[in-house]
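Now for the letters of each chain:
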Amino acid sequence: MNEEETILTLSKLSREFFGTLANGDSVEAITLMNANGMRVRIISYGATILSVHVPDAQGRFADVITGFDTLDAYVAHLHYFGSTVGRVANRISGARFMLEGKEYLVPANNAGNSLHGGDVGFDKANWTITACDEDALSVTLSHFSPDGDQGYPGNLSVTATYQLHADNALSVRYQATTDAPTVVNLSNHAYWNLGGEGSAYDAMDHLLTIHAAHYVPVDAALIPTGERRPVAGTAFDFRTAKPIGKYIGDVADAQMRHGHGYDHNWVVDEVVAQQPRPQAVLEDPVSGRTMTLLSNQPGLQFYSGNFFDGSIAGKAGKSYHKGDAIALEPQMFPDAPNQASFAPILLVPGERYENSIIWRFGTKAGSLPD
């Protein structure tokens, strides 16, 4: 077998048992590996990205997503590591909203507001693996959310299709349909450190670019004020690459105080695009790894891992501290059902919701020794 044939045999899909939930349901893991050796692992619990192994500038692989090795750890912790969040990602103020003249109450699981779908959101569901395509290196998972689930109206059918591409891109396509008017805003809550999940350094020296001229300021409870504020001249200007930690300790900035760092939505656009468009670029100047993020969504929630306090240890045994990893979540704007100036997140029968996300990995010169 020649070298080319050896590389091609690495391209594969495997499926295995990952653990058992308290109700007796089995959780499965799917591993996707392309011909370049990039490897991604996804579990059915929460339709969660468990690991993403990509090479650095010298070709050395590391897992760049935070999380755990065991199912019990995912069940026990509430930081949404790599999981699919919904039925409504982000916050709903007052844990209530009006739809077609009727008020709906949803779980108040975040300082009187509702966060990421409630106490038992999609991140806590064991999704069903409905299709595996070894040729396409893809897996499709589905979830049925019944009418009244966490207070939301309508029977909602959801799918998540993850695919590993030949150019070292990972994508997910979320789709949903309903039999009654409802609200939907799905996203993935992966935390990234391009130096590696067990790296000795945090993500605060990563360079970040966000393709947005405005962001959405929040109040002390992290609820949007409804304003779109220009990023120019502020700590929120990532139109050109800058270190994430450059202004994160600026306590004179009220927005930084509210979020204990970055926990805000950037306005990439006002409407959903027909195709995924560039939203952000993340670069690690040490390893040389890069990640370009694309989505069809108009908003990008950037969270700088502000509440990691060292009490949780990840896959490599390292305790996660503030700034060790960051989340970049393409989505509609937070609290949209209660904000008249934001694009609605209404889904009605006969229409299909879709959020397409692409994480494209690459390298440039790094500072690690050869």
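Model, not experiment: these values are computed from the prediction. Counting restarts for each chain: residues are numbered from 1 in the order of the written sequence. Residues qualify for local features only when their pLDDT is at least 70, as the model is predicted, and side-chain atom pairs are given and counted only at 80 or more; totals for whole chains, interfaces and linings, by contrast, use all residues. Processing note: side-chain calculations cover all non-hydrogen atoms of the structure and skip hydrogens and water entirely.

1. Regarding the overall build of the chain
For the chain, the count of helices and strands is 3 helices and 30 strands. When the backbone C-alpha atoms are referred to their principal axes, the chain occupies close to 70 × 50 × 40 Å. Throughout this description, buried means an accessible area under 20% of the type-specific maximum (1.4 Å probe, protein chains only), exposed means over 50%, and partly exposed covers the range between. Of all 370 residues assigned to the chain, the portion counted as buried reaches 56%. In what follows, a contact means two residues having at least one pair of non-hydrogen atoms within 4.5 Å. In the chain, the proportion of contacts linking residues at least 24 apart, taken out of those at least 6 apart, comes to 66%. Of the roughly 14,400 Å² of accessible surface on the chain, a fraction of 51% belongs to carbon and sulfur atoms. The centroid of the 25 positive side-chain charges in the chain is displaced by 4 Å from the centroid of its 41 negative side-chain charges. Helix and strand labels come from DSSP, where a helix needs a run of H or I of at least four residues and a strand needs a run of E of at least two; each type is numbered from the N terminus. Accessibility throughout is a Shrake-Rupley quantity obtained with a 1.4 Å probe, and a residue counts as covered only by protein chains that appear here. Think of it this way: Lys and Arg go in the positive column, Asp and Glu in the negative one, and His and the chain ends go nowhere. Where a charge lies is defined by one atom per residue type, namely NZ (Lys), CZ (Arg), CG (Asp) and CD (Glu).

2. Focus: the confidence of the model for the chain
A residue's pLDDT is the predictor's confidence in that residue, given on a scale from 0 to 100. Mean pLDDT over the chain stands at 95; residues scoring 70 or higher make up 97%. Predicted confidence is poor over residues 1-9, with pLDDT under 50, and the contacts of this stretch with residues over four places away or in other chains come to 4 contacts.

3. Digging into the sheet that holds strand 22 (residues 263-267)
As a general point, the strands of a sheet are linked pairwise by backbone hydrogen bonds and lie either parallel or antiparallel. Whether two strands pair depends on DSSP finding at least two bridges between them. Strand order in this open sheet of 6 strands is 17-28-25-22-19-20, and the pairing throughout is antiparallel. The open sheet terminates on both sides in strands that have one partner only, identified here as strand 17 (191-192) and strand 20 (229-230). One ladder, built from 5 bridges, connects strand 25 (residues 299-303) with strand 28 (residues 326-331); its direction is antiparallel. Each bridged residue has a counterpart across the sheet, and for Gly299 the counterpart in strand 28 is Gln331.

4. Topic: unusual backbone geometry
Looking along the chain, the bond that leaves Gly86 and enters Arg87 is cis, with omega of 15°. Along the polypeptide, Arg87 turns up in the loop between strand 6 (84-85) and strand 7 (91-92). Although it is not a glycine, Asn90 sits at a positive phi angle of roughly 70°. Structurally, Asn90 is set in the loop between strand 6 and strand 7. Of note in this structure, His260 is not a glycine but carries a positive phi near 55°. Within the secondary structure, His260 sits in the loop between helix 3 (254-259) and strand 22. His260 sits in the partly exposed class, given a relative accessible area of 43%.

5. Here we look at the nonpolar core
We define a nonpolar core as any set of buried Ala, Val, Leu, Ile, Met, Phe, Trp, Tyr and Cys residues linked to one another through side-chain atoms lying within 4.5 Å. Formed by 62 residues in total, the largest nonpolar core has its most connected members in Val52, Trp192, Trp266, Phe302, Trp359 and Phe361. At 5 residues, the largest contribution of residues to this core is made by strand 13 (residues 156-164). When neighbours within four sequence positions are excluded, Trp266 is seen to be in contact with Ile210, Ala212, His214, Tyr215, Val231, Phe236, Phe238, Pro298, Gly299, Leu300 and Phe302.

6. As for the packing of aromatic side chains
Pairs were defined over the aromatic rings of Phe, Tyr and Trp, the Trp ring being its six-membered one, requiring ring centres within 6.5 Å. Orientation was assigned from the angle between planes: stacked under 30 degrees, edge-to-face over 60, tilted for the rest. Per the stated rule, a full pass over the model turns up 25 aromatic pairs. Both rings, one in Tyr191 and one in Tyr303, keep their centres 6.1 Å apart while their planes meet at 65°; by these two values the pair is edge-to-face. One end of the pair, Tyr191, is in strand 17; the other, Tyr303, is in strand 25, with 112 residues separating them in the sequence. Residue Tyr191 is classed as buried on the basis of its relative accessible area of 2%. When the centroid spacing of 6.1 Å and the interplanar angle of 55° are considered together, the rings of Tyr262 and Trp266 count as tilted. For the residue pair Tyr262 and Trp266, the accessibility class agrees, reading buried in each case. One aromatic cluster is present, formed by Phe68, Tyr74, Phe81, Tyr191, Tyr303, Phe307, Phe308 and Tyr320 through successive ring pairs. The ring of Phe238 carries Lys242 above its face, with NZ or CZ at 5.3 Å from the centroid. Here, over-ring charges are defined by two tests on the NZ atom of lysine or the CZ atom of arginine: distance to the ring centre within 6 Å, and angle to the ring normal within 35 degrees.

7. Structural notes on the side chain of Asn265
Looking at the secondary structure, you find Asn265 in strand 22. For Asn265, a relative accessible area of 1% puts it in the buried group. For the purposes of these results, a polar contact is taken to be a pair of N or O atoms within 3.5 Å, where, inside protein, one atom must be able to donate a hydrogen and its partner to accept one; residues adjacent in sequence count only when each atom of the pair is a side-chain atom. Among the polar contacts listed, one links the side chain of Asn265 to the backbone nitrogen of Leu300, at a separation of 3.2 Å. Not counting chain neighbours up to four residues away, the residues in contact with Asn265 comprise Tyr215, Val216, Gly299, Leu300, Gln301, Phe333 and Pro334.

8. What about the sheet that holds strand 24 (residues 289-295)?
Read across the open sheet, the 9 strands follow the order 11-12-13-14-30-24-23-18-21; overall the sheet is antiparallel. Single-partner strands in this sheet number two, and they are strand 11 (128-133) and strand 21 (242-243). Relative to strand 13, strand 12 (residues 138-145) runs antiparallel, the two being bridged by 8 bridges. Looking across to strand 13, one finds that Val139 is bridged to Tyr162.

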